[in-house]
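One-letter residues, chain by chain:
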Amino acid sequence: MAESPFYVTTPIYYVNAAPHLGHAYTSIAADVMARHHRQRGDDVFFLTGTDEHGEPVALAAAAEGVDPQQLADRNAERFRALMPQLEASNDFFIRTSDAQHVAAVQEILERVKANGYVYEGTYEGLYCPRCADFKTAQEIAEGNTCPIHGIELDREKEQNWFFKLSAFQERLEELFESRPDFVQPKTRYNEARSFLEGGLRDVSLSRRGIDWGIPVPWDPEQTVYVWWDALLNYYTALTYAEPGVDLVDRFWPASYQLVGKDILKFHAIYWPALLMAADLPVPQRLFVHGFLLMDGEKMSKSLGNVLDPFEVIERYGADALRFYLLRDVPFGADGSVSPAAFEARYENELANEYGNLAARTIAMVHRYRDGVVPAGELDGEMAEAFDGLPERVAELIDGAEVTQALEAIWERVRRCNQYVEERAPWKLAADEAAADQLDSVLATLCEALRTLTVLLEPWLPASAAKLLGALGAEDCGYEAAAFGSGSLGAIEKIEPMFPKDPNPAS
Ligand code: MSP
């Protein structure tokens, strides 16, 4: 496959509190896509980072009695540290308090103003300080409350600089009309379209009373409204992530931007309009995922029902968390998570299906063939079961279907276990006349295990590295995922990949 650029982003996370599973979720999904595209030899850039300005952070800092920069520094480090713990392979970690980001935002907004899309006006309406969102009539719950946070909305009246969002009504309609995959899944595309059909109203570009933010370059009394500052990160990061290298030409527009459903409006409507106003191309696709729920409620810092990803990782490792989240909650839908469901997936699927397949295959090669994979003929039925699998996985990931792609691979993990039961190698081993058959079964199983592991690498990077190392098959590229493309020799025994009682002391 020809090398093509692939730029994937996560939302940047608010530093008003520590990371939780909801944040880990998007980063893991983006990482699976990034790793898969690297396997295909694409030129990949994967960005994540922190959103540090504005009211949500200023309010949290004030509540703690610390300076916003101090709070931002402390929590940004926690988000940065989360990435390697998740095995996320991000190429850069942006902080919106980076001086280069600040300068780039100011320059772009000057351009938006020069293009005639900025004017001075008075904002009057309802505002949620937790969302940092000026609510439209459809977005207000009963009793003037925020439908996301359940708190009473503030009535704001202030003299601001405005962005002429309404000027982009037609261009956005054309965008949605001509690119039906601009927002995925379809339900979110429809939601964005119906917001658009409600008619666009101009939005504040700046805030007067909030000091914690980027000064408006032509009016330093005001700070840039945090959402414009935050959205621009996806573009500004490319201007300074690699000093001296222009990543903008290489990677903009982004291939895929992953966002949660609560921030759809900002990404599907505000963001393309801002880019158009600055004469910049809009991203290729947005994928909108649902919420992880605990006890039926969205996990969030403000609701306090947080499951700590650091704890899960410490006990079970990042692979188990990555697998669980993307397997149990179909990417795009809401889904409940719980320790019991996690443990069930860990034990039934990772330990008993995949881990056990690896363990018994390696053990049989050692028991019956002195640890060397025999040059047996590959089973035709199994070759058929694996035929087209890499292509199918690539096709699904091209549509951000990370749960379905995993399911396609997992069906073959199960098929392999069934194959072991059907062929009963232990019976073949007892019959000298069946030596060729045993060679064939063992060669088939090893090849299946190898190709499955190559395909699983984006979800289970640490386990895949370990197992491919033991199989002496370091090539983890997409071409190596074709059944029959490998040639294995001596293989090593390994410790159980998913032990029954991992790190019990912690
Ligand atoms: N800072 C803004 C995003 C700016 S992007 C230019 C923000 N930050 S956030 O920290 O509140 O949320 C970041 C992401 O985490 C959002 O996509 C949000 O949907 C996601 N999640 C927060 N809680 C979540 C769950 N319980 N489940 C899944 N994702 C959730 O919004």
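Residues numbered from 1 in each chain as written. Predicted model: local features only at pLDDT ≥ 70, side-chain atom pairs only at ≥ 80, totals over all residues. Heavy atoms only, no water.

A.B. asks: Any chance you could explain a negative patch on the surface here in plain terms?
C.D. replies: On the surface, Glu170, Glu173, Glu174 and Glu197 cluster together to form a negatively charged patch. A per-element tally of the negative patch places helix H5 (residues 169–178) first, with 3 residues. For Glu197, the position within the fold is in helix H6 (residues 186–197). (Patch = residues over 30% accessible without salt bridge, like charges linked within 9 Å, V, L, I, M, F, W, Y side chains within 5 Å. Areas by Shrake-Rupley, 256 points an atom, 1.4 Å probe, with all protein chains shown as cover. Salt bridge = Lys/Arg side-chain N within 4 Å of Asp/Glu carboxyl O. Lys, Arg positive; Asp, Glu negative; His and termini not counted. Charge placed at Lys NZ, Arg CZ, Asp CG, Glu CD. Helix = DSSP H or I, 4+ residues; strand = E, 2+ residues; numbered from the N terminus.)

A.B. asks: Sorry if this is basic, but what is going on with the site of the ligand here?
C.D. replies: Lining the immediate environment of the ligand, one finds 25 residues, of which Ile12, Asp51, Gly260, Asp262 and Leu292 sit closest. Between the ligand and Asp262, the relevant distance is 2.5 Å, taken from an oxygen atom to a side-chain nitrogen or oxygen of the residue. With the chains in place, 96% of the 660 Å² that the ligand exposes on its own is no longer accessible. Put simply, the parts of the chain that give the shell around the ligand at least two residues each are strand E2 (13–14), helix H1 (21–39), helix H7 (226–231) and strand E13 (256–260). Within the shell around the ligand, the residues separate by chemical class into 14 nonpolar, 7 polar and 4 charged. (Near = heavy atom within 4 Å. Polar contact = N/O pair within 3.5 Å; in protein donor to acceptor, adjacent residues only side chain to side chain. Nonpolar A, V, L, I, M, F, W, Y, C, P; charged D, E, K, R; others polar.)

A.B. asks: I'm lost on the nonpolar core in this one. Help?
C.D. replies: A general feature of soluble globular proteins is that nonpolar side chains tend to end up buried together. Ranked by internal contacts, the top residues of the largest apolar core, which has 100 residues, are Leu86, Leu258, Leu325, Leu326, Tyr354 and Trp459. Formed by 72 residues, the second largest nonpolar core is a distinct cluster that contains Trp161, Phe162, Phe168 and Ala192. (Core = buried A, V, L, I, M, F, W, Y, C linked by side-chain atoms within 4.5 Å. Buried < 20%, exposed > 50% of the residue type's maximum accessible area, 1.4 Å probe, protein only.)

A.B. asks: I would appreciate a short explanation of the sheet that holds strand E10 (residues 206–207) in the present structure.
C.D. replies: Within a sheet, neighbouring strands are paired by backbone hydrogen bonds and run either parallel or antiparallel to one another. Across the sheet, which stays open at both edges, the 3 strands sit in the order E10-E12-E11 with antiparallel pairing between neighbours. Only two strands of the sheet have a single partner each, and these edge strands are E10 and strand E11 (215–216). As paired strands, E10 and strand E12 (residues 219–224) are joined by 2 bridges and run antiparallel to one another. Bridge pairing in E12 links Arg207 to Thr223. (Pairing = 2+ DSSP bridges.)

A.B. asks: Where do I start with the UniProt feature "domain: Methionyl-tRNA synthetase anticodon-binding" (unreviewed entry) in the protein in this structure?
C.D. replies: UniProt records the feature "domain: Methionyl-tRNA synthetase anticodon-binding" (unreviewed entry) at residues 396–478, using the numbering of this structure. Across residues 396–478, the secondary structure splits into 76% helix and 0% strand, with the terminal C-alpha atoms separated by 14 Å. (UniProt positions renumbered as here; feature names shortened; annotations may be inferred.)

A.B. asks: What is the right way to read unusual backbone geometry from this model?
C.D. replies: For residues that are not glycine, phi is negative in most cases, and the peptide bond is trans in most cases. Each neighbour pair has its own omega, and for Gln184 with Pro185 the value is -10 degrees, a cis peptide bond. In this structure, Pro185 sits in the loop between strand E8 (183–184) and H6. Each neighbour pair has its own omega, and for Trp252 with Pro253 the value is 5 degrees, a cis peptide bond. Structurally, the position occupied by Pro253 is in the loop between helix H9 (247–251) and E13. One non-glycine residue, Asp370, lies in the positive phi region at around 50 degrees.

A.B. asks: I tried to follow the packing of aromatic side chains on my own but got confused; where do I start?
C.D. replies: The way to describe two aromatic rings as a pair is by their centre distance and the angle between their planes. One pass over the structure, following the stated rule, counts 33 aromatic pairs. Where Tyr7 meets Trp252, the ring centres are 6.2 Å apart and the plane angle is 65 degrees; that geometry is what we call edge-to-face. Taken together, the residues span a long stretch of sequence, with Tyr7 in strand E1 (residues 5–9) and Trp252 in the loop between H9 and E13 at a distance of 245 residues. By relative accessible area, which is 9% here, Trp252 ends up buried. (Phe/Tyr/Trp six-rings, centres within 6.5 Å; stacked < 30°, edge-to-face > 60°.)

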